[in-house]
Amino acid sequence: AASGAIQQVDVAVVGAGFAGLYLLHRLRKAGFSTVALEEAGDVGGTWYWNRYPGARCDIQTIDYSYTFDPELETAWTWSEKYATQPEILRYLGFVADRYDLRRDIRFKTKVTEAKWDEAAERWRLGTDNGAPVSCRYYIMATGCLSAPKPPEIDGVKDFQGAVYFTGRWPHEGVNLAGKRIAVIGTGSSGIQSIPLIAEQAAHLTVFQRTPNFALPAHNGPAPDDRMSLLQGDRAAYREQARQSMAGVPYPQQTAVSWQLSDAERRACFEEAWGKGDLVYILTQLWADQAVDFDGNALICDLIREKITTIVKDPETAAALMPHDHPFGAKRPCLDTNYYATYNRPNVKLVNLRQEPIKAITAGGIVTDKRSFDVDVIVFATGFDAMTGAIRAVHPITGRGGKSLSDVWAQGPQTYLGLTVAGFPNFFMITGPGSPSVLSNMAVSIEQHVDWIVDRLTALRDAGFSTIEATETAQAGWGQHMADCSMLTLHRLANTWYTGANVPGKVHALMPYTGGVGPYRSICDEVVGRGMLGFRLTGAGGAAQC
Ligand code: NA7
């Protein structure tokens, strides 16, 4: 589109990652004209930006794949149980090519603002590169972990060495050989990168604020048992994933911890530890682990015991043991040699709970006890999760001139995690209020996209031009989310799920904790009951359900 002109489409999609690509494909097939606006220079989303050493998926890649086209499934073979970032990025490029998606993507184009035009019943999106877009429907497919947190530590600008963020790792790579390196943060990105950085560094100092639970990935080829299940009946395997709690086809565990003896529990745990599978350990050991503090504490003890056996220095081992949150309440990590890395002579852990960082200086990092001279600082400090990328389009102005930031001032409110009252024809993929980040994202993304595109098609065919959640439905969803959150332990941890990792962010458990299968049923029930909770308008009339 020429600069100055307005690009007119039926649907504008923001983001060309896992969600945006599938949206483009489905929208096109459904006959909608569409454009995707993507800040990056190519497709990939998360996998475009997070190129730090060791970046991998931590859901088995046979599960973290598109399932909408059986031919695509057999056209691509993953080389490992947990694919690396470059392989996943190649896969997404392969998908973009296979369905010829790039021709509808405007790269290096950031959406700066969005405004609902009530008279025209269209959204107008401003961009920082080229023509604005006018669209009937506006869909944010911007991911949950896309807006990196700023450093939050005084003095970063004074630092004379190099600074990198795991979530914005330079594409040309970084030579870390022989350098004195600091890594700040021990979430998934820190835990994946620390072992590889340690191999290159002259010296690595890890600055840890909160220890996290990590389990060995035991990476390698995709396990035979999972592969034969998939290949035995691909359709059934995929369907089980869609109906499951976490988007991975494991059965619902029914045995509870107190039905098992100590020895039986230990045997279950050892088996899980040996499997190297987060979803398995989170769902298959005993049923009360995710919902009951005592059932959960048994697993925490067993993992802490593992840390003691791996890490030789008792003080370091003690510092690495999480005590402040239930297992699974904060996103646990999959690692390759993470704990053993602390046995290397060139690696030291600094426990920020005992000596907080005071500042960053020209030469390095100063805590309230010591100073550390380093050449490189790596921030693995995470993201303004779930709402950060949505709110980065600012303002998003809905009906009556209301801005989304104002509406969400006390925390995000949505209906089904997909829509917001007062914002007609606006949708989010994996938004707050959806199960997204508590699930295999691939399965949640496909469900959200299918639901939205099916609705847009049905509305168009019935002559409706707007769809908007009612305030009542939104309040009801908020209540249901709150009720579900009382049934799991997620509320008991300060995490990016609750906004606690971002200073000043409202504290609210953002993902839907009721599970992927139940969520899907609810979305289907909404349709089955005549779009319950939505107001529809258009030439076809008006309806409020
Ligand atoms: P996470 O999981 O949010 O981890 C960030 C880490 O950085 C975590 O250990 C934080 O400690 C730490 N952190 C954040 N801010 C600071 C400051 N200011 N000072 C010291 N330490 C800090 O992000 P990741 O990128 O690792 O992983 C995100 C998700 O990607 C992951 O869960 C997977 O789903 C994939 P804290 O715990 O806040 O005390």
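For the structure itself, consult the block above.
The shown structure was predicted, so the numbers you read here are calculated from the model rather than taken from an experiment. (Residues numbered from 1 in each chain as written. Predicted model: local features only at pLDDT ≥ 70, side-chain atom pairs only at ≥ 80, totals over all residues. Heavy atoms only, no water.)

(A) The side chain of Q208, seen in detail. Mapped onto the elements of the fold, Q208 is located in strand β9 (residues 203–208). The exposure class of Q208 is buried, given its relative accessible area of 1%. A polar atom in the side chain of Q208 sits 2.8 Å from the backbone oxygen of A319. With near-sequence residues (within four places) excluded, Q208 lies in contact with T186, A319, L320, L349, V350, N351, L352 and R353. (Helix = DSSP H or I, 4+ residues; strand = E, 2+ residues; numbered from the N terminus. Buried < 20%, exposed > 50% of the residue type's maximum accessible area, 1.4 Å probe, protein only. Polar contact = N/O pair within 3.5 Å; in protein donor to acceptor, adjacent residues only side chain to side chain. Contact = heavy atoms within 4.5 Å.)

(B) Examining the site of the ligand more closely. With respect to spatial proximity, 20 residues lie near the ligand, and among them K149, S189, R209, T210 and K330 are the closest. Interatomic distance of 2.9 Å between a backbone N/O atom of S188 and an oxygen atom of the ligand. In the complex, the protein chains occlude 88% of the 770 Å² of accessible area that the ligand would expose alone. When its residues are assigned to classes, the shell around the ligand shows six nonpolar, eight polar and six charged. (Near = heavy atom within 4 Å. Areas by Shrake-Rupley, 256 points an atom, 1.4 Å probe, with all protein chains shown as cover. Nonpolar A, V, L, I, M, F, W, Y, C, P; charged D, E, K, R; others polar.)

(C) Broad picture of the environment of R124. Assignment of secondary structure puts R124 in strand β5 (residues 122–127). Relative accessible area serves as the criterion here: at 42%, R124 is assigned to the partly exposed category. With near-sequence residues (within four places) excluded, R124 lies in contact with I6, E113, A114, K115, P132, V133 and S134.

(D) Layout of the nonpolar core. In this structure, L416 and F534 are the most contacted members of the largest nonpolar core, which totals 95 residues. The element contributing the most residues to this core is helix α15 (residues 441–462), with nine residues. For L416, the contacting residues outside a window of four places in its chain are G433, S434, W451, W477, Y519, I522, C523, V526 and F534. (Core = buried A, V, L, I, M, F, W, Y, C linked by side-chain atoms within 4.5 Å.)

(E) Structural detail: the pattern of salt bridges. Summed over all chains, the structure comprises 25 salt bridges. Note that R242 and E239 form a salt bridge whose closest N and O atoms lie 3.2 Å from each other. In this pair, R242 and E239 both sit in helix α7 (residues 234–243), three residues apart, roughly one turn of the helix. Note on R242: relative accessible area 22%, which makes it partly exposed. (Salt bridge = Lys/Arg side-chain N within 4 Å of Asp/Glu carboxyl O.)

(F) Region of interest: the layout of surface pockets. The space that makes up the second largest pocket amounts to roughly 890 Å³. Taken together, 40 residues make up the lining of the second largest pocket; nearest its centre are M245, A246, L282, T283 and A290. Sort the elements by how many residues they give to the lining of the second largest pocket and helix α9 (residues 278–283) lands first, with four residues. (1 Å grid on protein atoms, 1.4 Å probe; cavity = no way out; pocket = protein on both sides within 12 Å on 5 of 7 lines; lining within 4 Å. Points joined across faces, edges and corners; volume = space filled by probe spheres on them.)

(G) Geometry of the sheet that holds strand β20 (residues 534–538). The sheet built from three strands is open, its strands ordered β19-β20-β21 with antiparallel pairing. Two strands lie at the open edges of the sheet, namely β19 (466–469) and β21 (541–544), each paired on one side alone. Here the strands of the sheet are splayed against their neighbours by 10° on average, with no regard to which way each runs. Note that β19 and β20 share four bridges and pair antiparallel. Of the residues in β20, the one forming a bridge with E468 is R535. (Pairing = 2+ DSSP bridges. Axes fitted to C-alpha atoms, helices over the stretch in contact; angles between N-to-C directions.)

(H) Local environment of the packing of α15 against helix α17 (residues 516–528). Packing of α15 against α17 leaves a shortest axis separation of 11 Å and a crossing angle of 5°. One finds that α15 runs roughly parallel with respect to α17. Only V516, Y519, R520, C523, D524, V526 and V527 of α17 make contact with α15, whose side of the interface consists of V443, S444, Q447, H448, W451 and R455. (Parallel < 35°, antiparallel > 145°, perpendicular 65-115°, else oblique.)

(I) Structural detail: the sheet that holds strand β16 (residues 376–379). Ordered by their spatial adjacency, five strands build an open sheet running β7-β16-β8-β9-β12, and the pairing between neighbours is parallel. A single partner strand is all that each edge strand has here, and the edge strands are β7 (162–165) and β12 (347–351). Taken pair by pair, the neighbouring strands of this sheet meet at an average axis angle of 20°, ignoring direction. For strand β8 (residues 180–184) and β16, the ladder comprises four bridges, and the chain directions are parallel. Residue pairing for β16: V183 is matched across the bridge by V378. With respect to the sheet, helix α5 (residues 188–200) is in contact with β8, β9, β12 and β16, its orientation differing from that of β9 by roughly 155°.

(J) Broad picture of the side chain of S434. Tracing the backbone shows S434 in the loop between β18 (426–428) and α15. Residue class for S434 comes out buried when judged on its relative accessible area of 0%. Aside from chain neighbours lying at most four places away, what touches S434 is L416, G417, H448, P511, Y512 and Y519.

Function cannot be read off these values alone, since they describe shape.
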